[in-house]
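Summary of structural features
Here's the letter readout for the chains.
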Amino acid sequence: MPNASLKAPVAKIIPHTLEKHGHIRIDNYYWLNERENPEVIAYLDEENEYYRQSTAHTKDFQQDLFEEMKARIKEDDESVPYFYNGYYYITRFEKGKDYPIHSRKKGSMDAKEEILFDCNEMANGHAYFNLSGLSISEDNTMAAFGVDTVSRRQYTIQIKNLISGEILPVKLENTTGGSTWASDNKTLFYSRKDEVTLRADRIYKHKIGTEAEKDTLVFFEKDETFDVSVYKSKSKKYLIINSGSTMTTEYQTLLSATPDAKFKVFQKRTRGLEYSISHYGEHFYILTNKDKATNFKLMKTHELATSKDNWEDVIAHRDNVLLEDIDIFKDYLVVSERFNGLNNIRIMPWSGKGEYYLPFGSETYMAYTTTNLDFDTEILRYSYQSLATPVSVIDFNMKTKEKTVLKEQEVLGGKFDKNNYTEERIWATAKDGTQVPISMVYRKGVKRNGKNPLLLYAYGSYGVTMDCHFSSVRLSLLDRGFIFAIAHIRGGEDLGREWYDNGKLLKKKNTFTDFIDCSRFVISQKYTSAEHLYAEGGSAGGLLMGAIVNMAPNLYKGVIAQVPFVDVVTTMLDDTIPLTTGEYDEWGNPNIKKYYNYMLSYSPYDNVVAQEYPNLYISTGLHDSQVQYWEPAKWVAKLRILKTDNNKLYLDTNMEAGHGGASGRFEAIKEIAKEFSFLLDLEGIKK
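The numbering scheme is per chain: residues are counted from 1 as the chain's sequence reads. Where local features are concerned, this predicted model is filtered to residues with pLDDT of at least 70; where side-chain atom pairs are given and counted, the filter is 80 or more; whole-chain, interface and lining totals use all residues. Calculated side-chain values reflect all of the structure's heavy atoms, with hydrogen atoms and water omitted.

With that settled, the discussion passes to the pattern of salt bridges. The working definition used for a salt bridge is a side-chain nitrogen of Lys or Arg within 4 Å of a carboxyl oxygen of Asp or Glu. Counting across every chain of the model gives 44 salt bridges. As a salt-bridge pair, Glu94 and Arg92 come within 2.9 Å of each other at their nearest N and O atoms. Relative accessible area decides the class of each residue, using a 1.4 Å probe on protein chains only: under 20% of the type maximum gives buried, over 50% gives exposed, and in between gives partly exposed. Accessibility expressed as a relative area gives 28% for Glu94, which makes it partly exposed. Note on Arg92: relative accessible area 14%, which makes it buried. Between Lys504 and Asp501 there is a salt bridge; the shortest N-O distance is 4.0 Å. A relative accessible area of 6% means that Lys504 is categorised as buried. Because the salt bridges share partners, they merge into one network encompassing Glu274, Glu493, Arg497, Asp501 and Lys504.

Below, the structure written as structure tokens:
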């Protein structure tokens, strides 16, 4: 049992006055943003110790859950190889090891394996390790790669000579990790970040054999609401710089064969105009919201006449279908669409004859195209999964319509059978009459009697769609009687672009009220009750959690808030914090009074009051670059003083990780075991 005599930490109060638009706020815990202050570290350590001691009775159960979840994972697993430029590329794991091994084989899967990077060796001596942005030169002799050992998403790019195996001494610091090679195989373009805000704002050009200090600045993005990236077209003909904000995009192109020439603007930025480009033959294909195409349409233009006046419709805008992406092949155009919240993959021969959709029979699935790097092929590679169906990678012959399942995720242990689970999609009515879908999965035999524990998950921001993915670790909840559900609330793009627009800026509260209405609906339908309903969300989904516990605390037995964005007003007023200026089109700019007032009305930290709150497990990372650790720390400190109940309140800070949590695949499962033990302990489930 928990130790009742344990006393929770109490953060000291140092009033700090914040004033804007003539309005004064007093922040008693503002001092917690001093990352280097020993008193701040001491407070976080105290909270961690309080969490450890308070949950000591679940320690063995956490370990059991970890071993159970780990046992379902095929430890010596590997990806489906993909063929690119003469080589098969593979990512694999070895038994007992945390990190991937990247390798390739020349011409045939029977060829000798060439190990490019063993991340287990590279991670030695680092509490956190992530390799990202692997980029191979066109002559297959050089590999650029980014490494982050802190978890603030600041990568150091290095270059490996794949002939000699030597890693060149040059280090390109403070980058996004992403880079791309020009066709001369010696010029590398990459994006670099502002050291304070971590905004990707510059594109540089590096020549092999020169020092990093001599790299050429190719482009600087002055607008603080935009960030930049650089990549190469699938056709390999063009290098492309993308400048993007929430509502506006701009591209620049350069022939990859002439890396020392100047980039040319494709279509200059126009506020509210979004577009993306794909090159094929003599044309660019453009996915865009031009002409008020809210759900996007497909257009094309000749590569020598790229301004929007020259764009011609290929697929017209539809009010009920969101156009999400395209894949271009020699003989086929593949279009990824979303209708009624569900993925569709549309195959369109360039000949104009015989287009069709891939058939999917479920309502709780996700299907998406994956690695399709080859132009001259009839094979489309896509992936399929559902809440109860493990992820499959499938090669589909677009001409013969033959389907080959290359791999289905193995769930080890001998106990899993997808036929033992029921999947459902139901619709809740929001307070304004809007129908909001909820996807759920549970063990067959579960009765709708109001007694089932139910975990309701959502995100609801940035137009991010919460698709129905399979999770083998989730089985540890389902097999103990939990229902797992996803609320597809506004703020995501689940039901089209309008769904997103109606859950941001001055309509943000729809996100929160949708979730609360979904919660009330699953209770009214007797899937669960307030005594057994749990909620979970991370980052902007953590903001959602903070809002709902202020607005409807009595609906939930417990809430998990991962790296929660809860101090909205203060953060959005501080343009030195990473990502802030790029977020104005999502949340609004609080330097404008109407946005300030609206944010203030829902910001979780500003709206903590003296009332009962559910049991809360709140996690963060000391080095988080997306949501700074002090937001949840301040929130917990304020909750401890004001809440009127004796429910659990835990702040669990990973002192060595950032926004994504632990980097090793097994360390990440330990964090999930903590969350699950929190839920199961509240339900009185001990094993």
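Buriedness for pockets is judged along seven lines, at least five of which must meet protein on both sides within 12 Å for an open set on the 1 Å grid over protein atoms alone, while cavities are sets there where a 1.4 Å probe fits but cannot get out, and lining residues have an atom within 4 Å of a point. Grid points are joined across faces, edges and corners, and a volume is the space filled by probe spheres set on the points. This structure, assessed with the given rule, holds 4 cavities of 30 Å³ or more. Looking at the largest cavity, its volume works out to about 90 Å³. Lining the largest cavity are 15 residues; nearest its centre among them are Gly341, Leu342, Ser439, Cys468 and His488. Note that Gly is not counted as nonpolar here; it falls among the polar residues with everything else outside the nonpolar set of Ala, Val, Leu, Ile, Met, Phe, Trp, Tyr, Cys and Pro and the charged set of Asp, Glu, Lys and Arg. Split into classes, the residues belonging to the lining of the largest cavity amount to 6 nonpolar, 4 polar and 5 charged.

With that settled, the discussion passes to unusual backbone geometry. One non-glycine residue with positive phi stands out, namely Asn85, at about 55 degrees. Put simply, DSSP marks the helices as runs of H or I at least four residues long and the strands as runs of E at least two long, and each gets a number from the N terminus on. When you line up the elements, Asn85 lands in the loop between strand 3 (82–84) and strand 4 (87–92). By relative accessible area, Asn85 is classed as partly exposed at 27%. Positive phi, normally seen in glycine, also occurs at Leu198, with a value near 65 degrees. Mapped onto the secondary structure, Leu198 falls in the loop between strand 11 (187–193) and strand 12 (200–207). Leu198 sits in the buried class, given a relative accessible area of 6%.

Moving on: the packing of aromatic side chains. Stacked, tilted and edge-to-face are the three classes assigned to paired rings of Phe, Tyr and Trp, where Trp is represented by its six-membered ring and a pair needs centres within 6.5 Å; plane angles under 30 degrees give stacked, over 60 edge-to-face, the rest tilted. Counting across every chain of the model gives 36 aromatic pairs. With 6.3 Å between their ring centres and 40 degrees between their planes, Phe266 and Trp311 make a pair best called tilted. Taken together, the residues span a long stretch of sequence, with Phe266 in the loop between strand 17 (264–265) and strand 18 (275–280) and Trp311 in the loop between strand 20 (297–302) and strand 21 (312–315) at a distance of 45 residues. Ring centres of Phe482 and Tyr534 lie 5.8 Å apart, and the angle between their planes is 40 degrees; this geometry places the pair in the tilted category. Of this pair, Phe482 sits in the loop between helix 4 (475–478) and strand 33 (483–487) while Tyr534 sits in strand 34 (residues 533–538), and the two are 52 residues apart along the sequence. Comparing Phe482 with Tyr534, the two get one shared label, buried. Of note, Lys160 hangs over the ring of Phe117, and the distance from its end group to the ring centre comes to 5.1 Å. Consider the ring centre and the ring normal. A charge sits over the ring if Lys NZ or Arg CZ is within 6 Å of that centre and within 35 degrees of that normal. We note Lys670 situated over the ring of Phe66; from NZ or CZ to the ring centre the distance is 5.4 Å.

With 97% of its residues at a pLDDT of 70 or more, the protein chain shows a mean pLDDT of 93. pLDDT under 50 marks residues 658–663. Its contacts with residues more than four places away, or in other chains, come to 22 contacts. The predictor attaches a confidence to each residue, called pLDDT, with possible values from 0 through 100. Only heavy atoms matter for contacts: two residues are in contact if any of them lie within 4.5 Å across the pair.

This part covers helix 7 (residues 540–551). Each full turn of the α-helix corresponds to 3.6 residues, which orients residues three or four apart in the same direction. Spanning 12 residues, helix 7 covers 17 Å between terminal C-alpha atoms, matching the ideal 16 Å at 1.5 Å per step. Across the 12 residues that make up helix 7, a large majority, 11, are buried. By the burial criterion, the buried members of helix 7 are Ala540, Gly541, Gly542, Leu543, Leu544, Met545, Gly546, Ala547, Ile548, Val549 and Asn550. Each residue after the first adds 1.5 Å to the expected span of a helix.

Turning next to the sheet that holds strand 14 (residues 227–232). Each pair of strands is called paired provided DSSP finds at least two bridges between the two strands. Across the sheet, which stays open at both edges, the 4 strands sit in the order 14-15-16-17 with antiparallel pairing between neighbours. The open sheet is flanked by strand 14 and strand 17, the only strands paired with a single partner. Direction of pairing for strand 15 (residues 238–244) relative to strand 16 (residues 249–255): antiparallel, over a ladder of 7 bridges. Counted as the bridge partner of Ile241 is Gln252 from strand 16.

Contact pair helix 1 (residues 38–54) / helix 11 (residues 630–642): the axes reach a minimum separation of 12 Å and the direction vectors enclose 65 degrees. One way to sum up the angle between helix 1 and helix 11 is to call them roughly perpendicular. The interaxial crossing formed by helix 1 with helix 11 has left-handed handedness. For the pair helix 1 and helix 11, contact is made by Tyr43, Leu44, Glu47 and Tyr50 and by Ala633, Val636, Ala637 and Arg640, respectively. A per-class count over the contact of helix 1 with helix 11 returns 6 nonpolar, no polar and 2 charged. A fitted line through C-alpha atoms serves as each axis, taken over the contacting stretch for helices, and the angle formed by two N-to-C directions is quoted from 0 to 180°. Angular relationships are summarised with four words: roughly parallel below 35 degrees, roughly antiparallel beyond 145, roughly perpendicular across 65 to 115, and oblique for the angles in between. If you view the pair so one helix is near and one far, a crossing is left-handed when the near helix is turned anticlockwise from the far one by less than a right angle, and right-handed when it is turned clockwise.

Once that is clear, we can look at the sheet that holds strand 13 (residues 216–220). Strand order in the open sheet made by the 7 strands is 7-8-9-10-11-12-13, with antiparallel pairing throughout. A single partner strand is all that each edge strand has here, and the edge strands are strand 7 (130–136) and strand 13. When strand polarity is set aside, the average angle formed by the axes of neighbouring strands in this sheet is 30 degrees. Relative to strand 9 (residues 155–161), strand 8 (residues 142–148) runs antiparallel, the two sharing 6 bridges.

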